Amino acid sequence: MIIDAHEDIAWNMLAYGRDYTRSAYEIRQQEAQTHSETPRYNGQAMLGYTNWLQGQVGIVFGTLFAGPARKRNPERRVPAYETPDEAHRLYRHELGLYHRLAAEHPDKFRLLRTRQELNAHIGQWKGAPADAAKPIGLVVLMEGAEGVRAPDELPVWWEDGVRIIGPAWVGTRFCGGTGEPGPLTPEGDALLRGMAEVGFLLDLSHMDPQAARQALETYPRGVIASHANPAALLPQSRSNRFLPDDVITRLAERDGVIGVVPYNRFLDTAWRRGDPPLPLSKVVEHIDYICQRTGSSRHVGIGSDFDGGFGAESTPEGLDTVADLQKLAPLLHARGYTNDDIAAIFAHNWLRKIREVLPSAAA
Ligand SMILES: [Zn+2]
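A quick note: this is a predicted structure, and the numbers were derived from the prediction, not measured.

S.K.: Give me the coordination of the zinc ion: which residues, what numbers.
M.R.: The coordination sphere of the zinc ion, as far as protein atoms go, consists of E143 (OE), H206 (NE2) and H227 (NE2), spread over 2.0 to 2.2 Å. Positions of the donor residues of the zinc ion, expressed as sequence spacing, correspond to E-x62-H-x20-H. Here H206 is found in the loop between strand 8 (201-203) and helix 9 (209-218), whereas its partner H227 is found in the loop between strand 9 (223-224) and helix 10 (245-253), with 21 residues between them in sequence. A relative accessible area of 9% means that H206 is categorised as buried.

Here it is, written out as structure tokens:
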């Protein structure tokens, strides 16, 4: 099984009307027939129920995502927020989409909110043939916490199924973020205290390194980076989106896991849409870097971010849909990784983190 730690499923449903009960190919066909603008901005769809199934992607961290109006491309009429109240409405709406997806298509999607639900899900996947239809498990991750109006509403988000929160996308009122450096603010400190009290897993992706370092020192519960590549392999980039070595080391010391993003521009920042695709071995280089840096295969996984602002034309050679993530296995083998290492990278590392955060169901 593969666990993918970052997919903006609800955002694509909300902003682009993508129907992920279908296959990525059906979505592409439908968008071509209706002359949709979506592929131009968001790329060719890579996600879809049959593709998850085919790639044995049995668990996905499904995000709640929205951006501020100030960062919206004026040509695109996607939803965006001006105020925390507006952000709250968008994030609540997306959470509702996951609940609806699971309620209306229980054969295809299932929310994983407790350890019991997780264990039953794993049991079903282990017990069924690889090609048998089964639901994809969704763990809800809030990306950019502007939808949280005040820490006292964190228990409600938890109650409704959110288990992971990343405070930043661009800068937020909680901390510096991508392209907008800065530390944790007093509001950010209060958010993290509230998150720790309830029990959330903290996602450092998009946090400015300064804020990430502060959080790594103070956040007492589990810490991950759901989708972030090592900065050391992108020396020509001046972006604060990538993880400096000291943050990688500290994350590993905190037993964190980092999801590598198979997006060409995150593998080689000189790459531009329309350039020839990068070789798939680039993804293995990023995985291997984290393993070498941290001394084991325990702290890396996949956080594809597929359909998160890019599509199949912007991923390495051989990655057409999410199912193709399985092609990483032979490349890792060739690089000396054992079956156990590959199982850790594909699934067990993320499984460890979600086992820690998911509560036992109330009796
Ligand atoms: Zn992101």
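Read on for the rest.
S.K.: So, the side chain of R352: which residues are in play, and what are the values?
M.R.: Relative to the assigned elements, R352 resides in helix 14 (residues 339-357). When near neighbours in sequence (up to four residues on either side) are disregarded, R352 contacts D255, G256, V257, R298 and H299.

S.K.: Go over the packing of helix 6 (residues 115-127) against helix 14, please, and point to the residues and values.
M.R.: The angle between the axes and the distance between the axes are what describe a pair of packed helices. Relative orientation of the contacting elements helix 6 and helix 14 amounts to 145°, with a least axis distance of 9 Å. For the pair helix 6 and helix 14, the contacting residues are R115, L118, N119 and I122 in the first and L351, I354, R355 and E356 in the second. Across the contact of helix 6 with helix 14, the residue classes break down as four nonpolar, one polar and three charged.

S.K.: A description of helix 1 (residues 9-16) should follow, citing residues and the corresponding values.
M.R.: Along helix 1, six of the eight residues are buried, which leaves the element largely enclosed by surrounding structure. Along helix 1, the residues that are buried comprise I9, A10, W11, N12, M13 and Y16. Where helix 1 is buried, its residues contact strand 1 (2-7), helix 3 (38-42), helix 4 (49-54), strand 2 (57-65), helix 5 (84-104) and strand 4 (136-143). Downstream of helix 1 by one or two residues, G17 has phi in the positive range, about 65°.

S.K.: Tell me what's going on with the pattern of salt bridges, and back it up with residues and numbers.
M.R.: Tallying each qualifying case throughout the model produces 25 salt bridges. Note that R298 and D255 form a salt bridge whose closest N and O atoms lie 2.9 Å from each other. Here D255 lies in the loop between helix 10 and strand 10 (258-260) and R298 lies in the loop between helix 12 (281-294) and strand 11 (300-302), a separation of 43 residues in the sequence. With a shortest N-O distance of 3.0 Å, D255 and R352 are connected by a salt bridge. In this pair, D255 sits in the loop between helix 10 and strand 10 while R352 sits in helix 14, placing the two residues 97 residues apart along the sequence. No difference in accessibility class separates D255 from R352, as the two residues are buried. Taken together, the shared-partner salt bridges in this structure form one network comprising R18, E31 and D307.

S.K.: With reference to specific residues and values, describe the packing of aromatic side chains.
M.R.: A full pass over the atoms with the stated rule returns 12 aromatic pairs. Ring centres of Y263 and F310 lie 4.0 Å apart, and the angle between their planes is 10°; on these two criteria the pair is classed as stacked. Taken together, the positions of Y263 in the loop between strand 10 and helix 11 (264-267) and F310 in the loop between strand 11 and helix 13 (328-334) put the pair 47 residues apart, joining distant regions of the chain. The exposure class assigned to Y263 is buried, which follows from its relative accessible area of 16%. Residue F310 is classed as buried on the basis of its relative accessible area of 3%. Both rings, one in F306 and one in F310, keep their centres 6.4 Å apart while their planes meet at 80°; by these two values the pair is edge-to-face. Lying over the aromatic face of W157, R92 brings its terminal NZ or CZ to 4.8 Å of the ring centre. Directly above the ring of W158 sits R163, whose terminal nitrogen or CZ lies 4.0 Å from the centroid.

S.K.: Just give me the short version of helix 8 (residues 186-198), but keep the residues and values in it.
M.R.: Its 13 residues place the ends of helix 8 19 Å apart at the C-alpha level, agreeing with the 18 Å of an ideal helix rising 1.5 Å per residue. The set of residues buried in helix 8 consists of G188, L191, L192, G194, M195 and A196. Contacts from the buried residues of helix 8 go to helix 7 (154-159), strand 5 (162-166), strand 7 (180-184), strand 8 and helix 9. One or two positions beyond helix 8, positive phi appears at G199, with a value near 120°.

S.K.: Describe the packing of helix 1 against helix 5, with residues and values.
M.R.: Two elements in contact, helix 1 and helix 5, have axes separated by 9 Å at closest approach and are oriented at 105°. When the interaxial angle is binned, helix 1 and helix 5 end up roughly perpendicular. Taking contact as the criterion, the partners of I9, A10, W11, M13 and L14 in helix 1 are, on helix 5, L90, H93, E94, L97, Y98 and L101.

S.K.: Give me the pairing of strand 5: which residues, what numbers.
M.R.: The side chains of a regular strand alternate, first on one face of the sheet and then on the other. Across the five residues that make up strand 5, a large majority, five, are buried. Crossover strand 4 to strand 5 through helix 7 is right-handed. Sheet topology places strand 5 next to strand 8; two bridges connect them, and they run parallel. For I165, the partnering residue across the bridge sits in strand 8 and is L202.

Conventions adopted
- Residues numbered from 1 in each chain as written.
- Predicted model: local features only at pLDDT ≥ 70, side-chain atom pairs only at ≥ 80, totals over all residues.
- Heavy atoms only, no water.
- Donors = N, O, S within 2.8 Å, 3.2 Å for Na, K, Ca; no water.
- Helix = DSSP H or I, 4+ residues; strand = E, 2+ residues; numbered from the N terminus.
- Buried < 20%, exposed > 50% of the residue type's maximum accessible area, 1.4 Å probe, protein only.
- Contact = heavy atoms within 4.5 Å.
- Axes fitted to C-alpha atoms, helices over the stretch in contact; angles between N-to-C directions.
- Nonpolar A, V, L, I, M, F, W, Y, C, P; charged D, E, K, R; others polar.
- Salt bridge = Lys/Arg side-chain N within 4 Å of Asp/Glu carboxyl O.
- Phe/Tyr/Trp six-rings, centres within 6.5 Å; stacked < 30°, edge-to-face > 60°.
- Lys NZ or Arg CZ within 6 Å of the ring centre and 35° of its normal.
- Expected span 1.5 Å × (residues − 1).
- Parallel < 35°, antiparallel > 145°, perpendicular 65-115°, else oblique.
- Right-handed = clockwise from strand over helix to strand, strands pointing away.
- Pairing = 2+ DSSP bridges.

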